[in-house]
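Each chain, written out:
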Amino acid sequence: MFRTALRNVLAHKARLLMTAFAVMLGVTFISGSLVYGDSLHRAAAARATDGYERIAVSVFPDDSRTPAGAGGGPAGLDAATVTALARIPGVAVAAGRVDGFAAVADRDGRLLGDGPSHQGANFAPGADGTDPAYRFTRGSGPTGDHTVALDERTAAKGGHRVGDTVRVGTAQGAASYTVSGIFRTDGTKLPAGGTLTLFADATAQRLFLQPGRYKNAELTAAPGTNAPQLLGRVEAALPPGTGAATGDQLARIQANLATTDSDTMSQILVGFAAVALFVATFLISNTFTMLVARRTRELALMRAVGASRKQVRRILLTESLLVGVLASVAGLAAGTGTAALLGTLFAPADAAPAPLVLTPGTVLTSLLAGIALPVAAAWLPVRRAMAIPPVAALSAAEPPAPARTASARTGLGAALLLTGTTATVYGALTTGKDARTVIGLGAALTLTGTIVLVPLLARPFVALLRPLLTRLHPVHGHLAALNTVRDPRRTGATAAALAIALTLASGLSVLGASAAQYLDRATTHDFTADYLVKPAEGGMRMTPATARALKELPGASSSPLDQSTGYHLAGVPSVLTGVDPATIGRLLRYEVVEGSLDRLAQGQIAVADFKAEQAGWHVGQTLALQRPDGQRGSVTIGAVYRADEQSNLLPSITAPASLVARYDPAPHTAGILVATHDGPGRAALAAVTHALGDNPALAVLDEETIRARDSGDIGEQLDVFHALLSMALAIAALGIANTLAMSVLERRKEIGTLRALGVDRAGVARMIRLEALLLGALGATLGTGLGIFLGWALGRTLQQNVAGYTLVLPWGRLALGVLIALAGAVLASLWPARRAARVDIAAATTAR
């Protein structure tokens, strides 16, 4: 049986090529995802734990037992404690460490580094003048208040050399320093993509903590002492309120934290790979259905000469097994290569590509998926073929015609579709934590029901488009419509593969466009200033003093957004945001619905409409004010304005900055709004930046930058997800090509007859292309409609938790998806159309 199956695979290798290619693509996707994910995981863990091997024991304040600074005491460890730790037997070096935010500017004043990893730390030399955490390649460590050392990558990016002057911003403000040295370090001090600035010991303590205090101490073990032994000695000598851990323990914690993102990405990639494999199932099932139908006489003859039904079934399933094995091995190799390519393309700019990790689990999972898929997809066609009596198959002039869509199938599909749609709508219209679970289940049932019903929907859909086709191409359009519905089940399976990919793509587009509009409204809808000053990501805390520097800028209007918490107004927990009453109306869009914003200058407050409605407040009402520290007073509502509850700029309660300062001398300045005399521009930006002290820790953002900063990630993520879905679209296009190619083989005699009756080669090719267009249009229409429906349902759950979220239909992106699907269908038809056009008339019409 194995030899027979192998001979059959070789005999039909051209027909099985598309199936093998689809399986190979699916296995490539899933193996590449697993290899890439495992490689990212190991690389992230290695970067996060790099350097911990030099730390035997770390000592730190134990906040769980005695919070730092509790009872008015100073935070961190004092120098005496570090000195005492150095005297413990087995300790070679005890280095006190203190760190905090420090932003470095390049030669043009722009912030260096990516993300929140702008770090500053102390240089803690031992008796030999070196610090084991840092290896200097040029110069030496900082020794005074006005010197710093830069990590090698930061110095290279900023164009800084030893002896240069560099601008550094910290929570205490910005200052100029002389570069004393350039160094290399490990992952414990410098995360990937970040910057690290070393200060002299006393300078770092003053900037980041308190003079004479350290955040923690790193102990190096003397020769002959291991970390567990040293930990025991250290714990016995620890003062109250401190704790200790070995470097190995800290490394494991850091590895777990660092690998969360890579594990999430791996799960997303595997999810998309599963979609691609699921789409490939339709192609494989269609292929084996057509192959078995073409070989009905052959199989019946095998039955007639003595082969049992079980033997014939084994031969056919062995053929699918062979296809799966060969395609899976090729897919595993291709997936490993793809993972290597991705690792090179997306490696951090300051790090080498992650080494490939190919685990036995990845190999086993990929091979099992690739082998099981064609066998499972071939089972139903083989089972149908075995149900045909040998006598009926041998006596038929042509293979038995496929059965029409059964009423049982129609009933099952209708039940699934109705149940799924009902569950999805119910989940969308109800509240509760299980709403999305209900929607997920309903979506699965809806999609399954649609797939089952696609054969039934094919006839009315083609009938709807037939007038358009016959108007453009009367003969070829009519023939294409007839051929498309000749086998509704085959048409349905081909279109369903495309519909699945378009459902996910359309749903993501709807959710992405809706979220982008929501974020745009939350970030820039109320913004009428020229610039917004914010601290760099993960950076300093701004105070009202930061905003006062802009008051001296000629021709500019500015206002802080001083957030102050802990208020109870008439018993309602509230946050007050202090602003400049004279300028705020020009800087933010206030749509006043009652009262006047001018009353801010009279010491009154303005309240957002949602806050007033929730609390039952109105203009003219005086509210009792109470603070946790016992301060009491009263405020009067002078205006109510329309506001989005999720707005990042427009506060729930706007108050004069003088009122906030009366109760809170140190509020948190969330941002500073600035409008210049001549509007935004290069000169205005430079003037604002200079007024702020050329501080690289402060970002001066215009409207476009704010929008890109807060909502740009959504567009990038959508692009990534659509790129991942392109694999499923490619497999669906292969399914169309495969279906049409097999159909051309089945219809050789019919095509030859058409040619003999006068249809030229171009007409035959046009007919095949129109069939492909009908298949693509059916899949694209169903997929886009389902995607919009599911996007609406999931969006409804967001509306319940996110005020201001509304459904947005991105017609341009949806239309682009449909056009891509149609273009893919036409491209997939080129090869089958060419084969159909080259059918030999004499050979085809005389063939039996």
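Source: prediction; values computed, not measured.

Cut-offs applied
- All residue numbers here refer to positions counted from 1 along the written sequence of the relevant chain.
- In keeping with the model being predicted, local features are shown solely for residues with a pLDDT of at least 70 and side-chain atom pairs are shown and tallied solely at 80 or more, while totals for entire chains, interfaces and linings include all residues.
- The basis for the side-chain values is all heavy atoms of the structure; hydrogens and waters are excluded.
- One requirement defines pairing of two strands: DSSP has to find at least two bridges between them.
- Strands are runs of DSSP state E lasting at least two residues, helices are runs of H or I lasting at least four, and both sets are numbered from the N terminus onward.
- One fewer than the residue count of a helix, multiplied by 1.5 Å, yields its expected span.
- Partly exposed residues are those whose accessible area sits between 20% and 50% of the maximum for their type, while under 20% is buried and over 50% is exposed, using a 1.4 Å probe and protein chains only.
- The directions from the helix axis to the C-beta atoms form the arc being described.
- Within this scheme, the nonpolar core is defined by two criteria: the residues are buried Ala, Val, Leu, Ile, Met, Phe, Trp, Tyr or Cys, and they are joined through side-chain atoms within 4.5 Å.
- Here, two residues are considered to be in contact whenever any of their heavy atoms come within 4.5 Å of each other.
- Pairing of aromatic rings covers Phe, Tyr and Trp, the last counted by its six-membered ring, and requires centre-to-centre distances within 6.5 Å; plane angles under 30 degrees mean stacked, over 60 mean edge-to-face, and any other angle means tilted.
- Fitted lines through C-alpha atoms serve as axes, helices being fitted only where they are in contact, and the angles separating the N-to-C directions of these axes extend from 0 to 180 degrees.

Caption draft 1: Focus on the pairing of strand β15 (residues 557-569). Inspection of the sheet shows β15 paired to strand β22 (residues 668-675) by 7 bridges, in the antiparallel sense. Its bridge partner being in β22, Gln563 is matched across the sheet by His668. Connecting β15 to the antiparallel partner strand β16 (residues 572-579) that follows it, the hairpin turn spans 2 residues, and Ala570 within it adopts a positive phi of roughly 55°. Bridge count for β15 against strand β19 (residues 622-626) is 2 bridges, and the pairing is antiparallel. When the bridges of β19 are listed, Leu569 appears paired with Leu625.

Caption draft 2: Spotlight on helix α7 (residues 247-258). When the terminal C-alpha atoms of α7 are compared, their 16 Å separation across 12 residues agrees well with the 16 Å that a helix rising 1.5 Å per residue should span. Residues of α7 that are buried include every one of Gly247, Leu250, Ala251 and Ala255, and no others. For α7, the buried positions fall inside an angular range of 140° around the axis, keeping them on one side. Exposed and facing more than 90 degrees away from the buried side of α7 are Arg252, Asn256 and Leu257.

Caption draft 3: Layout of the nonpolar core. In this structure, Val279, Phe282, Ile731, Ile736 and Ile768 are the most contacted members of the largest nonpolar core, which totals 74 residues. When residues in this core are grouped by element, the largest group, 12 residues, is from helix α8 (residues 260-294). The contact partners of Phe282, leaving out residues within four places of it in the chain, are Ile451, Ala493, Ala496, Ala497 and Ile500. With 24 residues, the next largest nonpolar core counts Val579, Leu600, Leu673 and Ile706 among its residues.

Caption draft 4: Structural view of the packing of aromatic side chains. Counted by the stated rule, this structure contains 8 aromatic pairs. A ring pair is formed by Tyr134 and Phe183, whose centres lie 5.2 Å apart and whose planes are at 75°; its orientation type is edge-to-face. Here Phe183 lies in strand β9 (residues 173-184) and Tyr134 lies in the loop between β5 (118-123) and β6 (135-139), a separation of 49 residues in the sequence. A single burial state applies to Tyr134 and to Phe183, both of which are buried. Their ring planes at 75° and their centres at 5.7 Å tell us that Phe199 and Phe208 sit as a pair that is edge-to-face. For Phe208, a relative accessible area of 13% corresponds to the buried category.

Caption draft 5: Inspection of the sheet that holds strand β1 (residues 57-61) at higher detail. On the basis of which strands lie adjacent, the open sheet formed by 4 strands has the order β3-β12-β1-β13 and antiparallel pairing. The outermost strands of the open sheet, each flanked by one partner alone, are β3 (91-97) and β13 (242-246). Ignoring which end each strand starts from, the neighbouring axes of this sheet average 20° apart. As defined by bridge partners, β1 adjoins β13 across 5 bridges and the pair is classed as antiparallel. Paired with Val57 across the two strands is Thr246, which belongs to β13. Its contacts with the sheet put helix α3 (residues 79-86) on β1, β3 and β12 (216-221), and the angle it makes with β3 is roughly 165°. Sheet strands touched by α7: β1 and β13. Its angle to β13, the strand with the most contacts, is close to 85°.

Taken by themselves, the reported measurements are silent on function.
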